[in-house]
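Structure at a glance
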Amino acid sequence: METIRTVSWMKESARLARAENKIVGLVPTMGALHAGHMALVERAKRECTQVVTSIFVNPTQFGPKEDLAKYPRTFESDSQKLEAAGVNAIFAPQPSDIYPPNFRTYVNVDGLSERLEGRSRPGHFRGVATVVLKLFEICQPTYAYFGRKDAQQVRVISQMSRDLNLDVEIVICPIVREPDGLALSSRNVYLNPDERKGALVLNRALTAARDELASGTRDALSIQSTIQKIFSAEPLATLDYAEIVDADTFDPVTRISNPAYILLAATIGKTRLIDNLYIEPAPTSGDITFHL
Ligand code: AMP
């Protein structure tokens, strides 16, 4: 496994892979790798002949009051995990190589970027879209792998990819959870033992929403009220939003009849966590497939 530290070296390696007709899979990450990241890597390994994992804590997607400085950085153990998984290259550039002095160009995916996560974290998706476009240009992947955990992020990236005619196929992978249901996240390390228990409220709320849907409710307000009740019983949690949105437009829906997401964001102690339930109603029978 190669560890590639510069943009110019990565571009050279990408040119070589293309010349050799490799099917290149890119797994963009910010490091502090867990089983959720590794599931993306494993899928890429199955589908590609060359797998590149980028590790880059992207400063432009963090707000001024967010956790950029203390975001967990565990390069040695990340590198061991990726080597064991058979990854061909880690791309781990310096921020100054990605954003040299006088950097001025950003990608903005209008409409999808301002609400939900974008409302709570202004500028976040501009930073994400910009760095992902740069990673695509530098690594030239055939496929790029993203987790459904960050549902709005992957929607923004798919839109960018379509709008800008990018030559990359976006692959969306399911959420990986702890045995007790907490979605894996690099930020879970911030939780103390009480908060770790409190964080289960996200999964509890989504499970209750799923049960309510399974018993026939399609009314978004009723499901939202169930979620709010569950959150108000958890003293360590502050709900930021619980929204039910169309899976394509990310516009709020009042009745669930098309593919939709229930999106949650909450602060547990000082740690902000997100989670979601993806709902796919069958067009004719009305049966629902849940992706929790
Ligand atoms: P991050 O390092 O947090 O930027 O995440 C890198 C990629 O891993 C993103 O595509 C995330 O959606 C994905 N990811 C993070 N956590 C999970 C999880 N629990 N299950 C599946 N994918 C995940």
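Scroll up to find the structure this text is about.
**A short note on unusual backbone geometry**
In this structure, Asn21 takes a positive phi of about 60° despite not being glycine. Tracing the backbone shows Asn21 in the loop between α1 (7–19) and β2 (24–29). For Gln140, which is not a glycine, the phi torsion comes out positive at approximately 50°.

**A short note on the pattern of salt bridges**
By the definition in use, this model includes 13 salt bridges. Across the pair Lys22 and Glu20 runs a salt bridge, and its minimum N-O distance is 2.9 Å. The residue Asp211 makes a salt bridge to Arg210 at a minimum N-O spacing of 3.7 Å. The class of Arg210 is partly exposed, set by a relative accessible area of 28%. Residues participating in the shared-partner salt-bridge network are Glu117, Asp240 and Arg272.

**A word on the packing of helix α9 (residues 200–214) against helix α10 (residues 220–232)**
Direction vectors running N to C along α9 and α10 enclose 150°, while the axes themselves pass 9 Å from each other. One finds that α9 runs roughly antiparallel with respect to α10. Note on packing geometry: the crossing formed by α9 with α10 is right-handed. Within the contact between the two elements, α9 uses Val201, Leu202, Arg204, Ala205, Ala208, Ala209, Glu212 and Leu213 and α10 uses Ser222, Ile223, Thr226, Ile227, Ile230 and Phe231.

**A short note on the packing of aromatic side chains**
Here the structure, examined in full by the defined rule, presents eight aromatic pairs. Centroid distance Phe103 to Tyr106: 5.3 Å. Interplanar angle 85°. Geometry classified as edge-to-face. Note on Tyr106: relative accessible area 33%, which makes it partly exposed. Through a chain of ring-to-ring contacts, three or more aromatic side chains come together here, namely Phe56, Tyr99, Phe103 and Tyr106.

**A closer look at the nonpolar core**
What tends to happen in soluble globular proteins is that the nonpolar side chains get buried as a cluster. Counting residues in each nonpolar core, the largest one holds 45 residues, and the members touching the most others are Phe91, Phe136 and Met160. For this core, the element with the most residues is helix α6 (residues 124–139), which contributes ten residues. In this structure, Phe136 is in contact with Leu26, Pro141, Ala144, Phe146, Ile157, Met160, Leu166, Val168 and Ile170, ignoring residues within four places of it in sequence. Of all hydrophobic cores here, the second largest spans 28 residues; its members include Leu200, Ile223, Leu273 and Ile279.

**Observations regarding the side chain of Asp246**
Relative to the helices and strands, Asp246 is located in strand β7 (residues 237–246). Within the buried set, Asp246 has no salt-bridge partner at all; the shortest N-O distance to an opposite charge, 7.0 Å, is to Arg155. From its side chain, Asp246 meets the backbone nitrogen of Asp248 in a polar contact 2.8 Å long. Every residue in contact with Asp246, bar those within four places of it in the chain, is listed here: Asp251, Val253, Asn258, Pro259 and Ala260.

**Notes on the pairing of strand β10 (residues 288–291)**
One ladder, built from four bridges, connects strand β9 (residues 271–281) with β10; its direction is antiparallel. Paired with Pro281 across the strands is Ile288, a residue of β10. In sequence, β9 turns back onto β10 through a hairpin of six residues, with Gly286 there showing a positive phi of about 85°.

**Let's talk about the sheet that holds β7**
Strand order across the open sheet formed by four strands is β7-β8-β9-β10, with antiparallel pairing between neighbours. Edge strands, defined here as strands with exactly one partner in the open sheet, are β7 and β10. The sheet shows a mean angle of 15° between the axes of neighbouring strands, taken without regard to direction. Where β7 meets strand β8 (residues 260–268), nine bridges bridge the pair, whose relative direction is antiparallel.

What counts, and at which threshold
- Residues numbered from 1 in each chain as written.
- Predicted model: local features only at pLDDT ≥ 70, side-chain atom pairs only at ≥ 80, totals over all residues.
- Heavy atoms only, no water.
- Helix = DSSP H or I, 4+ residues; strand = E, 2+ residues; numbered from the N terminus.
- Salt bridge = Lys/Arg side-chain N within 4 Å of Asp/Glu carboxyl O.
- Buried < 20%, exposed > 50% of the residue type's maximum accessible area, 1.4 Å probe, protein only.
- Axes fitted to C-alpha atoms, helices over the stretch in contact; angles between N-to-C directions.
- Parallel < 35°, antiparallel > 145°, perpendicular 65-115°, else oblique.
- Left-handed = near helix turned anticlockwise from the far one by under 90°.
- Contact = heavy atoms within 4.5 Å.
- Phe/Tyr/Trp six-rings, centres within 6.5 Å; stacked < 30°, edge-to-face > 60°.
- Core = buried A, V, L, I, M, F, W, Y, C linked by side-chain atoms within 4.5 Å.
- Lys, Arg positive; Asp, Glu negative; His and termini not counted.
- Polar contact = N/O pair within 3.5 Å; in protein donor to acceptor, adjacent residues only side chain to side chain.
- Pairing = 2+ DSSP bridges.

The quantities given are spatial measurements derived from coordinates; they are silent on function.
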